[in-house]
Amino acid sequence: MPARSAMAGMFRVMRSSSSSLRLRGRLSATEDHQPHSSEDEEEVQKKEARLKMFFMDIAENKWVTGVNIFFTVFALYGADVWELLGPPPISADPVLHTMSMLVFLFFCVEFAVLTRCKDKYKFSFFFWLDLLATISLIPDVILLFKVDVWSIGGSSGDQVVITRIFRAARAGTRTVRIVRVIRLITLSRSGKTQGGNTESKIGGLLAIGITHKIIIIVGLMLLNSSLLDLLDNHAVDFALPLRSLESLLLKCGNNSAVVAAGGRAKLCSNHSASCVDAASDSACCAFDLFLRETLVDHNGDFGMLDGDRSCSHANGYTSVEQKEKCKHEEVARQYNFDSYSFSGDCSRQTLRFLRVLGEDVFCSNSSFADLRTTPVELVDSEVCAGSPNGVDCKDAPHASRLVLENLTGARAEALLNIAQVTCIVVLLGISSFLFQRDANRLVIRPLAKMARLVQNLSHNPLEKLEQAEGGELETDFVERALQKFGQMLQIAFGEAGSEIIGKSLGADGDLNPMMAGRKMTAVFGFSIVRNFADCTECLQEDVMVFVNTIAAIVHRAVKDTGGAPNKNIGEAFLMAWRITEPPPTPALQQSHSFGSDREDSEGDPASQRDGREPTVADRALQSFVRACLEVQAAEDLRKLTEHPKMQERLPGYRTTMGFGLHVGWAIEGAIGSMLKIDASYLSPNVNLAARLESATEQFEVDILMSEKFADMLSPQVRALCRAVDRVTVKGSSEPMLIYTYDVPHSMATSMFELEPLAGIDFWDQFRPSTTPLYREDYGQAVQLYLEGNWAEALPIIEGCLVQWPEDGPALVLKTVMEKNSCQPPPDWKGFRELTNK
């Protein structure tokens with residue numbers, strides 16, 4: 001039922017295809033009168049593509065594939081298994097031939113569908129093999145119509161050779177289907193061939209190429225074996241006894257007129273009683289004796305005479321002499337030399353029929369009607385006067401013919417065919433597997449890993465690359481080198497160059513990194529090492545170790561909080577935290593707070609206490625606070641700064657840095673030329689972050705943040721910060737509040753001491769050095785200062801300095817107000833200009 005339903009489905013598909021083709025034919029016939037528009041042509045192409053996809057979905061359906069496998073196995077083994085089953089009576093052969101017809105029709109439909117719908121199939125290697133395989137089924141199909149195509153070959157020997165050629169061709173071609181279907185099933189089950197990915201193109205081509213070569217080699221071997229069989233003409237073996245019988249019978253008659261009158265049998269039978277052995281010089285006795293020997297020699301155990309009376313080993317005839325004596329006795333008992341007739345059951349004999357010069361001397365030509373010509377269940381040899389051996393002379397009036405039952409040979413041949421086909425299948429399968437396994441292990445798998453590496457970089461240029469396994473092969477070396485190139489690309493280009501990497505690796509054609517930029521929004525952080533010029537002069541060559549150690553600390557802190565290091569400019573570093581959502585608009589911004597929220601009498605709550613995730617700004621600020629602390633605690637930096645020249649020039653120097661944070665848009669892309677490019681950001685917002693970093697020296701703080709950045713902080717983290725002033729920086733006319741986070745003074749002498757404590761939030765572990773009350777008082781002073789009430793602000797500032805005399809922002813505001821005698825300028829608008837960069 002599954003096979004019939006699958007075939008019915010295929011036929012319905014083909015009928016739909018025919019209707020579609022006829023419709024397209026009618027459309028093309030009227031094309032000159034009503035030309036299609038481009039939209040109509042596109043629609044027709046889409047329909048045709050959908051139709052092809054529909055056909056291929058059916059052809060590749062698991063049920064149709066199962067039917068295909070079943071029919072393929074039947075085409076290979078059906079006839080031979082049928083022969084080994086008994087064989088069944090010849091009257092049951094239409095069942096086998098009908099099945100062969102179904103197989104033939106199925107393969108024709110499949111061949112048509114693949115030719116019409118499968119890309120690159122037409123005129124390919126498998127196209128010709130499938131065509132040859134389908135054609136090889138035609139002789140089996142013709143047998144359904146009772147046409148004995150094998151008799152065209154003439155003699156029995158030619159029929160055997162032709163049978164073997166067809167069987168060899170079918171074995172070679174249909175085995176290709178077995179191997180291909182098994183391979184397709186294996187791929188469909190796994191779905192992936194290389195580490196969860198689809199089969200590589202080079203792997204598929206190499207596998208097909210290997211299979212092609214193996215198929216060709218095995219096919220040539222089979223063809224060569226079959227052609228050699230043509231030199232072995234079995235009819236010659238039986239032509240000699242037939243010629244001898246003809247010669248003896250003619251001598252026995254000794255008169256051509258008598259022979260023509262049909263009197264030769266009587267002449268020979270008159271002497272049959274006195275024919276005792278071969279010593280007789282009578283020509284007729286010679287004919288009878290030779291005929292008797294022919295019957296004995298070519299009749300095996302003399303059939304199964306009278307059931308249990310055959311001359312077989314089972315009946316006690318163990319020696320050759322005993323068997324020969326038994327067969328002679330059986331001939332004498334059941335063969336009448338007077339009438340040249342056999343009284344036994346002809347259908348149970350090995351020798352089924354013998355005719356000499358047109359006269360039946362053993363059984364009739366109906367005695368072998370139950371024997372098949374394919375598989376060859378009989379050996380049929382004919383000769384006639386004046387013709388060479390093995391020439392067909394069935395229609396000659398005085399032909400001689402010998403027919404032997406060959407059931408044992410046919411079954412042996414069927415078993416041999418099954419073994420041969422199975423051997424071919426196993427040979428093709430194992431050889432393809434072994435060759436492909438080596439190719440896959442040594443070439444395909446490494447190439448596929450390299451291709452995946454490039455594809456992954458093109459899809460996600462910042463993806464972490466796996467470490468390549470060790471190996472000494474050339475492919476291992478190339479794989480490791482390619483992985484290093486990928487890592488160097490990630491390091492050199494960073495996040496800003498990710499699009500350049502992806503598009504360059506994924507695009508065809510020449511390399512073109514000078515593509516248009518992309519607008520994005522991010523938090524930009526700028527940091528710089530203070531007193532770097534002095535460090536360079538004092539450390540000389542070690543300055544590279546010095547700056548790279550600092551870079552490692554800063555970059556790691558930024559990376560751990562979701563940021564991306566971008567540009568290294570000597571002592572300066574540019575970082576970015578990409579924002580996927582736009583920053584809050586002014587209408588949604590929270591009201592500005594100049595000091596601390598004192599709702600928590602115990603201190604300032606952390607951003608995670610209410611269960612909310614930290615914002616991008618929270619993470620950026622955290623990374624810079626961490627970098628400040630780790631730079632001061634790093635042992636390697638401390639050893640370098642304790643250099644005698646450094647201490648002589650800058651007594652008590654420890655590594656210090658300034659950090660600026662701002663948020664805004666920027667253009668991300670490649671800057672430079674085809675000789676050298678840098679992936680970075682162009683925007684006034686980037687410059688503003690640098691200006692804030694420069695201002696840290698004026699205010700004597702570690703970190704300065706813009707008003708827009710502070711607006712993105714969570715309320716809990718923002719409460720830990722304080723506004724220090726409202727200014728305009730060089731290059732910008734827009735005034736903004738600037739904030740700082742008072743990084744705590746750390747006495748840590750190693751990085752280990754700064755490790756996060758279990759169960760303690762970062763903002764609780766590294767609280768600002770100022771108290772909430774201090775920040776509140778300072779914030780009140782800043783508010784009065786900005787409002788122009790300097791006389792009221794100055795005492796509060798002085799009070800803050802009493803608590804913390806080294807507070808840089810307080811000192812700056814005190815200096816600004818005292819310089820103007822605690823009176824704001826007449827044009828005071830609540831901000832001042834920072835003149836330095």
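Above: the structure in question.
Residues numbered from 1 in each chain as written. Predicted model: local features only at pLDDT ≥ 70, side-chain atom pairs only at ≥ 80, totals over all residues. Heavy atoms only, no water.

(A) Main features of the overall build of the protein. Broken down by element type, the protein carries 28 helices and 15 strands. By the burial criterion, 45% of the 837 residues in the protein qualify as buried. Sequence separation of at least 24 residues holds for 72% of the intrachain contacts in the protein that already meet a minimum separation of 6. Summed over its atoms, the accessible surface of the protein is roughly 43200 Å², and 58% of this surface lies on carbon and sulfur atoms. (Helix = DSSP H or I, 4+ residues; strand = E, 2+ residues; numbered from the N terminus. Buried < 20%, exposed > 50% of the residue type's maximum accessible area, 1.4 Å probe, protein only. Contact = heavy atoms within 4.5 Å. Areas by Shrake-Rupley, 256 points an atom, 1.4 Å probe, with all protein chains shown as cover.)

(B) Molecular detail of the sheet that holds strand 5 (residues 378–383). Pairing in this open sheet of 4 strands is antiparallel, and the strands run 4-3-6-5 from one edge to the other. Both edges of this open sheet fall to strand 4 (359–362) and strand 5, since each of them pairs with a single strand only. Strand-to-strand twist of the sheet, defined as the mean angle between neighbouring strand axes without regard to direction, takes the value 20°. Lying on the sheet, helix 12 (residues 283–297) is in contact with strand 3 (351–356) and strand 4; it crosses strand 3 at an angle near 155°. (Pairing = 2+ DSSP bridges. Axes fitted to C-alpha atoms, helices over the stretch in contact; angles between N-to-C directions.)

(C) Molecular detail of the nonpolar core. Membership of the largest hydrophobic core comes to 91 residues, with the highest contact counts inside it found for Leu621, Leu661, Ile703 and Met705. One finds Leu248, Phe287, Leu351 and Leu404 within the second-largest nonpolar core, a separate group that totals 27 residues. (Core = buried A, V, L, I, M, F, W, Y, C linked by side-chain atoms within 4.5 Å.)

(D) Spatial organisation of the state of the cysteines. For the structure on display, the rule yields 1 disulfide. Here Cys346 pairs with Cys363 through a disulfide, and the sulfurs are 1.9 Å apart. Taking the sign of the S-S torsion, -90° for the link of Cys346 and Cys363, the bridge is left-handed. With a gap of 17 residues between them, Cys346 in the loop between strand 2 (341–342) and strand 3 and Cys363 in the loop between strand 4 and strand 5 connect regions that are remote in the sequence. (Disulfide = S-S within 2.5 Å.)

(E) Structural detail: the packing of aromatic side chains. Taken as a whole and judged by the stated rule, the model has 26 aromatic pairs. Between Tyr335 and Phe362, the aromatic rings sit 6.3 Å apart at their centres with planes inclined by 20°, giving stacked as the arrangement. In this pair, Tyr335 is assigned in strand 1 (residues 335–336) and Phe362 in strand 4, connecting sequence segments 27 residues apart. Taking relative accessible area as the criterion, Tyr335 reaches 5% and is therefore assigned buried. Owing to a relative accessible area of 1%, Phe362 belongs among the buried residues under this scheme. Cation over ring: Arg722 sits above Tyr778, and NZ or CZ is 4.6 Å from the ring centre. (Phe/Tyr/Trp six-rings, centres within 6.5 Å; stacked < 30°, edge-to-face > 60°. Lys NZ or Arg CZ within 6 Å of the ring centre and 35° of its normal.)

(F) The pattern of salt bridges, seen in detail. Under the counting rule described, the total for this entry stands at 26 salt bridges. The residue Arg50 makes a salt bridge to Glu43 at a minimum N-O spacing of 3.8 Å. Of the residues examined, Glu43 reaches a relative accessible area of 36% and is grouped as partly exposed. Close ionic contact of Asp370 with Arg352 constitutes a salt bridge, the shortest N to O distance being 3.0 Å. Of this pair, Asp370 sits in the loop between strand 4 and strand 5 while Arg352 sits in strand 3, and the two are 18 residues apart along the sequence. The class for Asp370 is partly exposed, based on a relative accessible area of 36%. Taking relative accessible area as the criterion, Arg352 reaches 3% and is therefore assigned buried. Sharing partners across several salt bridges, the network here consists of Arg556, Asp560, Arg626 and Glu630. (Salt bridge = Lys/Arg side-chain N within 4 Å of Asp/Glu carboxyl O.)

(G) View of the packing of helix 18 (residues 543–560) against helix 19 (residues 616–633). Closest axis-to-axis distance for the helix 18/helix 19 pair is 9 Å, and the angle between their directions is 150°. When the axes of helix 18 and helix 19 are compared, the pair comes out roughly antiparallel. At the point where helix 18 passes helix 19, the crossing takes the right-handed sense. Two secondary-structure elements touch here, helix 18 through Ile550, Ile553, Val554, Arg556, Ala557, Val558 and Asp560 and helix 19 through Ser623, Phe624, Arg626, Ala627, Glu630 and Val631. For the contact of helix 18 with helix 19, the residue count by class is 8 nonpolar, 1 polar and 4 charged. (Parallel < 35°, antiparallel > 145°, perpendicular 65-115°, else oblique. Left-handed = near helix turned anticlockwise from the far one by under 90°. Nonpolar A, V, L, I, M, F, W, Y, C, P; charged D, E, K, R; others polar.)

(H) A nonpolar patch on the surface, seen in detail. Taken together, the side chains of Ile202, Leu442, Val443, Leu447 and Leu473 make up a nonpolar region of the molecular surface, amounting to roughly 360 Å² of accessible area. With respect to the element layout, Leu473 can be found in the loop between helix 14 (407–459) and helix 15 (474–493). (Patch = residues over 30% accessible without salt bridge, like charges linked within 9 Å, V, L, I, M, F, W, Y side chains within 5 Å.)

(I) Summary view of helix 3 (residues 62–84). Over its 23 residues, helix 3 extends 31 Å from the first C-alpha to the last, a length consistent with the 33 Å expected when each residue adds 1.5 Å. Structurally, the start of helix 3 carries an N-cap: the backbone nitrogen of Trp63 is 2.7 Å from a side-chain oxygen of Asn61. (Expected span 1.5 Å × (residues − 1). Polar contact = N/O pair within 3.5 Å; in protein donor to acceptor, adjacent residues only side chain to side chain.)

(J) A look at helix 22 (residues 684–699). Across its 16 residues, helix 22 extends 22 Å between first and last C-alpha, which sits within 8% of the 22 Å expected from 1.5 Å per residue. For helix 22, every residue scored as buried is listed here: Asn685, Val686, Leu688, Ala689, Ala690, Leu692, Glu693, Ala695, Thr696 and Phe699. Near the N-terminus of helix 22, the side chain that reaches the backbone nitrogen of Asn685, with its oxygen 3.0 Å away, is that of Ser683. Positive backbone phi, at 55°, marks Glu700, one or two positions downstream of helix 22.

(K) Looking closely at the packing of helix 12 against helix 13 (residues 320–334). Put simply, helix 12 and helix 13 touch, their axes get as near as 10 Å, and they point 120° apart. Comparing the axis directions of helix 12 and helix 13 gives the class oblique. In this structure, helix 12 crosses over helix 13, and the sense of that crossing is right-handed. Judged by residue contacts, Arg292, Glu293, Leu295 and Val296 of helix 12 engage Glu324, Lys327, His328 and Val331 from helix 13. The class makeup of the residues in the contact of helix 12 with helix 13 is 3 nonpolar, 1 polar and 4 charged.

(L) Molecular detail of the pairing of strand 6 (residues 400–405). In terms of residue burial, strand 6 counts as a mostly covered element, since 6 of its 6 residues are buried. As paired strands, strand 5 and strand 6 are joined by 6 bridges and run antiparallel to one another. Counterpart to Glu382 in the pairing with strand 6 is Arg401.

(M) Representation of the environment of Thr728 within the structure. Position of Thr728 among the secondary structure elements: in strand 13 (residues 722–728). Along the chain, Thr728 and Glu833 lie 105 residues apart, while their C-alpha atoms are 4.8 Å from each other.

(N) Spatial organisation of the pairing of strand 3. Counted residue by residue, strand 3 has 5 buried out of 6 residues, so it is predominantly covered. Note: strand 3 against strand 6, 4 bridges, orientation antiparallel. Residue Leu354 lies in a different strand from strand 6, and its bridge partner there is Leu402. In terms of strand pairing, strand 3 meets strand 4 through 3 bridges, oriented antiparallel. Paired with Val356 across the two strands is Glu359, which belongs to strand 4. Taking the residues between adjacent antiparallel strands as the criterion, strand 3 and strand 4 are bridged by 2 residues, where Leu357 takes a positive phi near 50°.

(O) Examining the side chain of Gln349 more closely. Relative to the helices and strands, Gln349 resides in the loop between strand 2 and strand 3. Residue Gln349 is classed as buried on the basis of its relative accessible area, which comes to 2%.

(P) Looking closely at unusual backbone geometry. Phi is positive for Leu357, which is not a glycine, with a value near 50°. You can see Leu357 is positioned in the loop between strand 3 and strand 4. With a relative accessible area of 7%, Leu357 lands in the buried category. For Cys363, which is not a glycine, the phi torsion comes out positive at approximately 60°.

(Q) Structural context of a negative patch on the surface. Taken together, the side chains of Glu39, Asp40, Glu41 and Glu42 define an acidic patch exposed on the protein surface. Following the sequence through the fold, Glu41 ends up in helix 2 (residues 38–59). For Glu41, a relative accessible area of 40% corresponds to the partly exposed category. (Lys, Arg positive; Asp, Glu negative; His and termini not counted. Charge placed at Lys NZ, Arg CZ, Asp CG, Glu CD.)

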